[in-house]
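Now for the letters of each chain:
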Amino acid sequence: MIDLDLGAEIAALRSTFNDIRSVIGVERLEAEIADLSEKAGAQDLWDDPDAAQKVTSALSHRQSELARIVGIESRLDDLEVLVELAIEGDDEQAAQEARDELVALQKTLGDFEVQILLDGEYDDRGAVVTIRSGAGGDDATDFAEMLMRMYLRWAERHKYPVKVLDTSYAEGAGIKSATFEVDAPYAFGTLSVEAGTHRLARISPFGSADKRQTSFAAVEVIPVMEEAKEVEVPEGDIRVDVFRSSGPGGQSVNTTDSAVRITHIPTGIVVSMQNEKSQIQNRAVAMRVLQTRLMLLQREEEAAKKKELAGTITASWGDQMRSYFLYGQQLVKDLRTGHEVGNPAVVFDGDLDGFIAAGIRWRKSRVED
């Protein structure tokens, strides 16, 4: 007889699933789907394309969430049946399938549980990610490009659509900065734990002395805001510069001055966009990002003032949040959560889910404390 005692582990999975189901509120979710379906079926829906897009997008997201819950519950039921069949038939192949499915379900529920923690005001939105090179010369600009590829590979692994909005190439290696948009539900809540200063330590490929070089890059993550009506930006507060879009080595992407750089004079915030086809489109995207940054800055200032009045002053949690060691002991370590991976190559190839999950749980624990 085969030894297949998975009862306790399956019971634990069932308990976790029931907790998640309760938090999401399946009955409420079904009611929202019914309401959105009715709105989506209205004959005049597309008279207002923007409103229609919001309705259909919300409907698709909620239907996907419900389908995910139903699918997991079905897999749990099937797993219990598979275990019974394996035991009754003394079937080692079925037993191995049951063990494999148990491991897969544990990961699926773990990922789902992390998503439940994403309950911030903007967590369910898409994300605009900006990477900037810091101190370290060519190593820093090369590191910034490595980080950009890392996040693009992460998005690709999850089949999330990505749109590169702006890239500023360095004169030597890598990039000075880059901005891209990840168009997926909960992309902001997920990637926001990646914001902060990243540090790379390695033997520099750009020097001849074989000395260890430390370089830095900053990652900024803001939510995609379809409309930022809360923040009005007077024309007198901005300076708009136009220039020719270009790629590495100054090679022209097009022959018109379609790229746009907007400087918000009171704060010094600079936003540049060059990947749309026209100057008008680049300006519209740049203004949307600028308004979002101003809105978040305003809220950060309000929160900081409240903390000051309350007598508590804390450092930003994002500073030097992760270190990448590419010499001696190969290691990537998150300095906030302690999560680490001994194979930097897989991390730079987009295997970030462990770091992100640990970061989300760490952030939630700090809020609860």
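Everything below is about the structure printed above this text.
Bear in mind that the values here come from a model prediction, so they are computed numbers and not experimental data.

Draft legend 1. Representation of the nonpolar core within the structure. Of all hydrophobic cores here, the largest spans 60 residues; its most connected members are Ile131, Leu147, Tyr151, Leu191, Leu290 and Tyr324. Considering each element in turn, this core owes the most residues, 9 residues, to helix α5 (residues 137–157). Contact partners of Leu191, with chain neighbours within four places excluded, come to Ala127, Val129, Tyr151, Trp154, Val182, Val221 and Ile356. Ile24, Val26, Ile33 and Leu45 belong to the second largest nonpolar core, which has 31 residues in total.

Draft legend 2. Geometry of helix α4 (residues 92–116). An ideal rise of 1.5 Å per residue puts 36 Å on 25 residues; α4 measures up with 36 Å between its terminal C-alpha atoms. Of all the positions in α4, only Ala94, Ala95, Ala98, Leu102, Leu105, Leu109, Phe112, Val114 and Gln115 are classed as buried.

Draft legend 3. Seen up close, the sheet that holds strand β1 (residues 127–133). Pairing is mixed across the open sheet formed by 8 strands, whose spatial order is β2-β3-β1-β5-β4-β9-β10-β11. Of all the strands in the sheet, the pair left with one neighbour each is β2 (162–169) and β11 (340–341). Of the pairings in the sheet, the one linking strand β10 (residues 331–334) to β11 comprises 2 bridges and is antiparallel in character. Its bridge partner lying in β11, Val332 is registered against Val341. Sheet contacts for α5: β1, β2, β3 (175–182), β4 (196–203), β5 (212–223) and β9 (322–325); angle to β5, the most-contacted strand, approximately 45°.

Draft legend 4. Fine view of the packing of aromatic side chains. Enumeration according to the criterion identifies 3 aromatic pairs in this entry. Ring centres 5.5 Å apart and planes at 70° place the aromatic pair Phe143 and Tyr324 in the edge-to-face group. One end of the pair, Phe143, is in helix α5; the other, Tyr324, is in strand β9, and 181 residues separate them in sequence. Here Phe143 matches Tyr324 in class, with each residue buried. Members of the aromatic cluster, joined through ring pairs, are Phe143, Tyr324 and Phe348. It is Arg68 that lies over the ring of Phe112; its NZ or CZ is 4.2 Å from the centre. Directly above the ring of Trp362 sits Arg336, whose terminal nitrogen or CZ lies 5.4 Å from the centroid.

Draft legend 5. Looking closely at the sheet that holds strand β6 (residues 238–243). Ordered by their spatial adjacency, 3 strands build an open sheet running β6-β7-β8, and the pairing between neighbours is antiparallel. At either margin of the open sheet sits one strand with a lone partner, and together these are β6 and β8 (269–273). Between one strand axis and the next, the sheet turns by 15° as a mean value, whatever way the strands run. The sheet contact formed by β6 and strand β7 (residues 259–264) spans 6 bridges and is antiparallel. Looking across to β7, one finds that Val240 is bridged to Ile262.

Rules behind the numbers
- Residues numbered from 1 in each chain as written.
- Predicted model: local features only at pLDDT ≥ 70, side-chain atom pairs only at ≥ 80, totals over all residues.
- Heavy atoms only, no water.
- Core = buried A, V, L, I, M, F, W, Y, C linked by side-chain atoms within 4.5 Å.
- Buried < 20%, exposed > 50% of the residue type's maximum accessible area, 1.4 Å probe, protein only.
- Helix = DSSP H or I, 4+ residues; strand = E, 2+ residues; numbered from the N terminus.
- Contact = heavy atoms within 4.5 Å.
- Expected span 1.5 Å × (residues − 1).
- Pairing = 2+ DSSP bridges.
- Axes fitted to C-alpha atoms, helices over the stretch in contact; angles between N-to-C directions.
- Phe/Tyr/Trp six-rings, centres within 6.5 Å; stacked < 30°, edge-to-face > 60°.
- Lys NZ or Arg CZ within 6 Å of the ring centre and 35° of its normal.

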